Amino acid sequence: MPEVVKVENISFAYGAEPVFSGVDFTIQQGDFVAVIGANGAGKSTLLKILLGEISPAGGEVSLFGEEARRFRDWRRLGYLAQNTFTNLAAFPATAEEVVLVNLYSWVPFPGFFRQREREAARAALAEVGLLALAKRPLASLSGGERQRVLLARVLASRPELLFLDEPTNSVDSETVDVIYSLLERLNREQGLTLVMVTHDVDRAVRQASRVFCLEDGSLLELDQQQLKEELAHRHKHPARKGRVD
Amino acid sequence: MDILQYDFMRRALLVGILLGLVIPCLGVVVVLRHLAQTGDALSHSSLAGIAIGLILGLNPTLGAMVACFLAAMAIEFFRHRLPERAETGVAVIMSAAVGLAGVASGFTGGFANFNNFLFGSIVAIGNFELGLVVAVTLGIFLTFILFYRELFFVALDEQAARLAGVPVRVTNFIFTILTAASVAVAARTVGALLVSSLMVVPVFAAMQIARSYFQTVLASAGIGVFSSLVGLFGSFYFGLKPGGSIVLSGIACLILIVVGRRFSKVASRFTRKRLS
């Protein structure tokens, strides 16, 4: 399987406060990776480094074989940020408008969206089960429905690699089931590579093909025995590579 | 109509319609990005430019444009280099502009002249200013349409816009320049102290009734033009100050829409109860 993400010996610190160091891993096409860890362990920071939002203090990150700093082929990536749906509660836009705008790169500047983009946006809304609400304003949707609209937004552009930051945080259980079953299907049927930061260890173990744990400044991929211990809250890193003291 | 017999009123109506159309369009992005303070800072900066223009014997509207562009550049600098202090930076720029305008106004040789720019003098527009307003507002409108998708996406979610390939820095820069230009040309006509109201009030009224972003833009522009016309008619027939009348017309629209919506909600609840 081709290598989609390669991380070599990266470290990060907020000022003098180290967050993590010596982080190495590779992600192959079709992997479903869950990153777990306590609050403040640096999970979202790690995601932002992978996205090129922030630069690591040291080390290298490459996406699809290209150095992350130089990577510009954003249409191959999707990113569902944490809790964005709560900020959009009062934004005056329909579900369809929100999904459609992510197909920006499909129409060269200056231009307007055409039938092809509208159909793709509606197909993405159908995929998350919200086609009937396409013309409804965001303000009239529940928090869970807004989160599904945002998932439709990132899926509409058909990314090869999808980053998700706590995708089921603060949403109802129905939405949690819809989101996970859709992600599982896209991963299985279309080979979509998924990297998901989550607090939900139980879901991470059930859904993901690989589970990384970020703890005490180091990242470790957990094996089956460690996953069982993690579920029982007994996990401790047995080996710490490049631990931050 | 009596009002159209006068050349100065025909000019005022044309300027009112153009500003009423363009300023609320930009206002949609200003409101959705929580940048109302930026509009205020630019309008106060225009006062400093107007005062310096009057002192140097230059056209005050050109002075306002230069001051607004400089202030816009300073705001962009804060937003980029010190994003966590951008709000404070905008407040500092506004304070500096007000201070400069206050000092410079003492040398403008006639308070009445400077006072016209505080609350506007839409009915005293010369040929040069008319040409400037028409050229600038049409330029702004065209650029707004060309960058419609970019401005919408950046207002919705800047981070997602960047990942989707939107040139966010360029879009932000263009938006700031458009806002500065609109504030500068409106300062002479609507008034520097009132221009930010024209940027915010029609948008807030539109958001009460619109069901999409596109409808919000259309309704904001519609309410902006309607407020301008009502304000100018009121000013002509009742001898009111035009800038203030335009803003108060917008406020009246907002109140009517809010009350109307509340009334229709109560009425539909009552009808539903009766039917059940």
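Conventions adopted
Residues numbered from 1 in each chain as written. Chains lettered and ligands numbered in written order. Predicted model: local features only at pLDDT ≥ 70, side-chain atom pairs only at ≥ 80, totals over all residues. Heavy atoms only, no water. Contact = heavy atoms within 4.5 Å. Buried area = accessible area lost by both parts, 1.4 Å probe. Salt bridge = Lys/Arg side-chain N within 4 Å of Asp/Glu carboxyl O. Polar contact = N/O pair within 3.5 Å; in protein donor to acceptor, adjacent residues only side chain to side chain. Helix = DSSP H or I, 4+ residues; strand = E, 2+ residues; numbered from the N terminus. Buried < 20%, exposed > 50% of the residue type's maximum accessible area, 1.4 Å probe, protein only. 1 Å grid on protein atoms, 1.4 Å probe; cavity = no way out; pocket = protein on both sides within 12 Å on 5 of 7 lines; lining within 4 Å. Points joined across faces, edges and corners; volume = space filled by probe spheres on them. Nonpolar A, V, L, I, M, F, W, Y, C, P; charged D, E, K, R; others polar. Phe/Tyr/Trp six-rings, centres within 6.5 Å; stacked < 30°, edge-to-face > 60°. Lys NZ or Arg CZ within 6 Å of the ring centre and 35° of its normal.

Caption draft 1: Region of interest: the interface of chain B and chain A. Counting from both sides, the interface comprises 25 residues of chain B and, opposite them, 30 residues of chain A. Summing both partners gives a buried area of about 2500 Å² for chain B against chain A, and 63% of it is carried by carbon and sulfur. In terms of surface lost to chain A, no three residues of chain B exceed Arg149(B), Leu156(B) and Leu163(B), which account for 31% of the buried area on that side. At the surface where chain B touches chain A, the tally comes to two salt bridges. For Asp157(B), the salt bridge is made with Arg153(A), and the minimal N-O distance between the two is 2.9 Å. In this assembly, chain B and chain A are joined by 10 residue pairs in polar contact (both at pLDDT 80 or more). For the side of chain B that touches chain A, the secondary structure elements donating two or more residues are α6 (127–146), α7 (148–156), α8 (158–163) and α11 (213–238) of chain B. No other element matches α7(B), which puts six residues into the side of chain B that touches chain A.

Caption draft 2: Up close: unusual backbone geometry. Between Phe109(A) and the following residue, Pro110(A), the backbone shows a cis peptide bond with an omega angle of -10 degrees. Its location among the elements puts Pro110(A) in the loop between α3 (95–100) and α4 (115–127). One non-glycine residue, Phe64(A), lies in positive phi territory at about 50 degrees. Position of Phe64(A) relative to the elements: it lies in the loop between β4 (58–63) and β5 (66–67). For Phe64(A), a relative accessible area of 18% translates into the label buried. For His34(B), which is not glycine, the phi torsion reads 55 degrees and is therefore positive. Of the residues examined, His34(B) reaches a relative accessible area of 72% and is grouped as exposed.

Caption draft 3: Highlighting α7(B). The element α7(B) is extensively covered by neighbouring structure, given that nine of its nine residues are classed as buried. By the burial criterion, the buried members of α7(B) are Tyr148(B), Arg149(B), Glu150(B), Leu151(B), Phe152(B), Phe153(B), Val154(B), Ala155(B) and Leu156(B).

Caption draft 4: Focus on empty space enclosed by the protein. Inspection of the entire model under this criterion finds three cavities of 30 Å³ or more. Of all the secondary structure elements, the ones that give two or more residues to the lining of the largest cavity are β6 (77–80) of chain A together with α8 of chain B. Looking at which element gives the most residues to the lining of the largest cavity, the answer is β6(A), with three residues. Grouping the constituent residues of the lining of the largest cavity by class yields seven nonpolar, four polar and one charged.

Caption draft 5: The pattern of salt bridges, seen in detail. Residues and elements named next belong to chain A. One pass over the structure, following the stated rule, counts 21 salt bridges over all chains. A salt bridge links arginine 185 to glutamate 127, with the nearest nitrogen and oxygen atoms 3.8 Å apart. Of the two residues, arginine 185 sits in helix α6 (residues 173–190) while glutamate 127 sits in helix α4, which places them 58 residues apart along the sequence. The partly exposed category is assigned to arginine 185, whose relative accessible area is 28%. One salt-bridge network, held together by shared partners, links Glu127, Arg158, Arg185, Arg188 and Glu189.

Caption draft 6: Representation of the packing of aromatic side chains within the structure. As enumerated under the stated definition, the model contains 16 aromatic pairs over all chains in all. Ring plane angle 80 degrees and centroid distance 6.5 Å describe the contact between Tyr148(B) and Phe214(B), whose orientation is recorded as edge-to-face. Highlighted residues: Tyr148(B) in helix α7 and Phe214(B) in helix α11, separated in sequence by 66 residues. A residue is classified by how much of its surface remains accessible, and Phe214(B), at 47% relative accessible area, is partly exposed. A connected cluster of aromatic rings, assembled from ring pairs, spans Phe91(A), Phe144(B), Tyr148(B), Phe152(B), Tyr213(B) and Phe214(B). Its end group placed over the ring of Phe113(A), Arg149(B) keeps NZ or CZ at 5.0 Å from the ring centre. One Lys or Arg, Arg162(B), reaches over the ring of Trp74(A) and ends 5.2 Å from the middle of that ring.

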